[in-house]
Amino acid sequence: MPLLPALPDLVPRQRCGVIEFPVHHMRGGTSTGLVLHAASVPADLALREELLRHLMGTPQSGQLPGNRQLTGLGRGAPTSNKVFLVDVERHEGQPRLVSTLAQLAGGHADIDWSVNCGNMSSALQLWGLDSGVIEALAIGMHAIDIRNTNTGVLTTSRMARELDGSFAAAGIPGVPGSFPRVDLFLHDPVGAKTGQLLPTGKAQDTVLGYDVSCVDVAVPMVIACARQFGKTAQESMAELEADHAFMEAIRQLWSAAGLLMGLRHRDGALMTREALARSETIPKFCIVGPAAAEGNIAVRYFTPQAGHASLAVSGGCCLAAACLIPGTVAHALARGVPPVALNKTEIGIGIENPAGILGTSIVAHREAATGSIVIGSAAYRRSAQILLRGHVPLYQASPALTAWLQKQLSARL
């Protein structure tokens, strides 16, 4: 399948004396954000981060509590402050998307480059097909691998096109209506950040008096029983976030558990308790309880600073894997989950969340000699949507960023 040259819409342009930057504003699953052609973005980190802050409307430095992001395309919540930089590489003769996620926050200038986003990842194949960086499929199934540079996780994204040229559609919890369906398969997702399925070496630990399980599948996550906090994992997210004592307790808990997990910054330095308390991305945190409907377990999920309106798919895969591991908090509460067999088996786990039930599939087997659970892959279904495609004028670009952009414009002439 040949690669196609980047379309003119993927490069900066100048209009009415202002340089404009190309963007796709997209929804992937229950997250929204921007997808940018990585080749059009500055390689210099300072210029790159300045550009992203302009595009999303976050402060260029320091803190800005209550920022409404009126000057950009961000939407306040962490789930709507994501930017993916994407390009194409060849691997074993086939095209493969390469993705790098920048996680922004409306209230401060810091940008987290340490994690992936399973929800927004579902928008990347659609972006590639729409922008022309990968060849548009005609009819039938189309799959492409995605290598994420933040975590090293390899995903296969699969879409299908109908006879009339439209994409096969699907509905998912938390998103009204049906949109282009994307099936995502995570390969070798264990140890995305820590290199271990159980970063503490145990299926369950006692941290600050709470029994928790620390699991790293797609993302590192701290899983706690809701009952320990006087909760059920059936509460609305608004109710949980309004309980300030609860929110402070889980902040202390994820910070302490993150230290125990040995979580690190992108540069390899160990994260301090203070850095973990401020982190917008790791470790993820959730409380779990018995399922009340047709799922196997109920969850309320935090990113970690804010409650999630549904459930991030990466966190869902992590929780689903935890349900299969004897001794974890999740395994003790999950119902109707078969034991893991010696041979590789695909096991479906339905996870109840505020928006409905997230369906996941975990391919796993049990080692005969040790009894250890081996997680091979995890799959989930999402939908994706192009909200807009176009160019964003950069009215307040610094002289350095302006000079870089002018250089790109001159190279095109």
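Residues numbered from 1 in each chain as written. Predicted model: local features only at pLDDT ≥ 70, side-chain atom pairs only at ≥ 80, totals over all residues. Heavy atoms only, no water.

Visitor: It is not clear to me how the overall build of the protein chain should be interpreted in this structure. Could you clarify?
Guide: Helix and strand counts for the protein chain stand at 9 helices and 18 strands. The C-alpha atoms of the protein chain give a radius of gyration of 21 Å, which matches the 22 Å a tight globule of 413 residues would have. For the protein chain, the C-alpha atoms occupy an extent of roughly 65 × 50 × 40 Å along the three principal directions. For the protein chain, with 413 residues in total, the buried portion stands at 57%. Pairs at least 24 apart in sequence give 64% of the contacts found in the protein chain among residues at least 6 apart. (Helix = DSSP H or I, 4+ residues; strand = E, 2+ residues; numbered from the N terminus. Rg over C-alpha atoms; globule rule 2.2 N^0.38 Å. Buried < 20%, exposed > 50% of the residue type's maximum accessible area, 1.4 Å probe, protein only. Contact = heavy atoms within 4.5 Å.)

Visitor: Whenever I open this one, unusual backbone geometry confuses me. Can you help?
Guide: The phi angle of most residues is negative, glycine excepted, and most peptide bonds adopt the trans form. Cis rather than trans, the peptide bond between Ile282 and Pro283 has omega equal to -10°. The residue Ala218 is not glycine, and still its phi comes out positive at about 75°. Checked against the element boundaries, Ala218 lands in the loop between strand S12 (210–217) and strand S13 (219–225). Accessibility expressed as a relative area gives 7% for Ala218, which makes it buried.

Visitor: Can you walk me through the nonpolar core in this structure?
Guide: Most often, soluble globular proteins keep nonpolar side chains buried together rather than apart. In this structure, Ile223, Phe285, Val288, Ile297 and Leu319 are the most contacted members of the largest nonpolar core, which totals 98 residues. When residues no more than four places from it in sequence are discounted, the contact partners of Ile223 are Asp211, Val212, Ser213, Val215, Cys286, Val288, Leu319, Ala322, Val329 and Ala330. With 24 residues, the next largest nonpolar core counts Ile19, Val41, Leu85 and Leu394 among its residues. (Core = buried A, V, L, I, M, F, W, Y, C linked by side-chain atoms within 4.5 Å.)

Visitor: Looking at this structure, I do not really get the confidence of the model for the protein chain. What am I missing?
Guide: Caution applies to low-pLDDT regions: their predicted coordinates should not be interpreted in detail. Scored by pLDDT, the protein chain has a mean of 93; 98% of the residues are at 70 or more. Confidence over residues 1–6 falls short of pLDDT 50; this stretch has 16 contacts with residues more than four positions distant or in other chains. (pLDDT = per-residue confidence, 0-100.)

Visitor: Before we go on, may I ask you to explain the environment of Ser166 in this structure?
Guide: Relative to the helices and strands, Ser166 resides in the loop between strand S8 (154–161) and strand S9 (169–172). Judged by relative accessible area, Ser166 falls into the partly exposed class, the value being 31%. In this structure the C-alpha to C-alpha distance between Ser166 and Val215, which are 49 residues apart in sequence, comes to 39 Å. In contact with Ser166, other than residues within four places in its own chain, are Ala160 and Arg161. Only 2.6 Å separates the side chain of Ser166 from the side chain of Asp164, close enough to count as a polar contact. (Polar contact = N/O pair within 3.5 Å; in protein donor to acceptor, adjacent residues only side chain to side chain.)

Visitor: Any chance you could explain the pairing of strand S17 (residues 356–366) here in plain terms?
Guide: Two faces, one strand: in a regular strand the side chains alternate between the faces of the sheet. Across 9 bridges, the pairing between strand S16 (residues 345–353) and S17 is antiparallel. Paired with Gly348 across the two strands is Ser361, which belongs to S17. Between S16 and S17, which follow one another and run antiparallel, lie 2 residues. One ladder, built from 7 bridges, connects S17 with strand S18 (residues 373–393); its direction is antiparallel. (Pairing = 2+ DSSP bridges.)

Visitor: Sorry if this is basic, but what is going on with helix H3 (residues 124–131) here?
Guide: For an α-helix, 3.6 residues make a turn, and residues three or four places apart therefore share a direction. Counting buried positions along H3 gives 7 out of 8 residues, so the element sits mostly inside the fold. One or two steps after H3, the chain reaches Gly132, where phi turns positive at roughly 95°.

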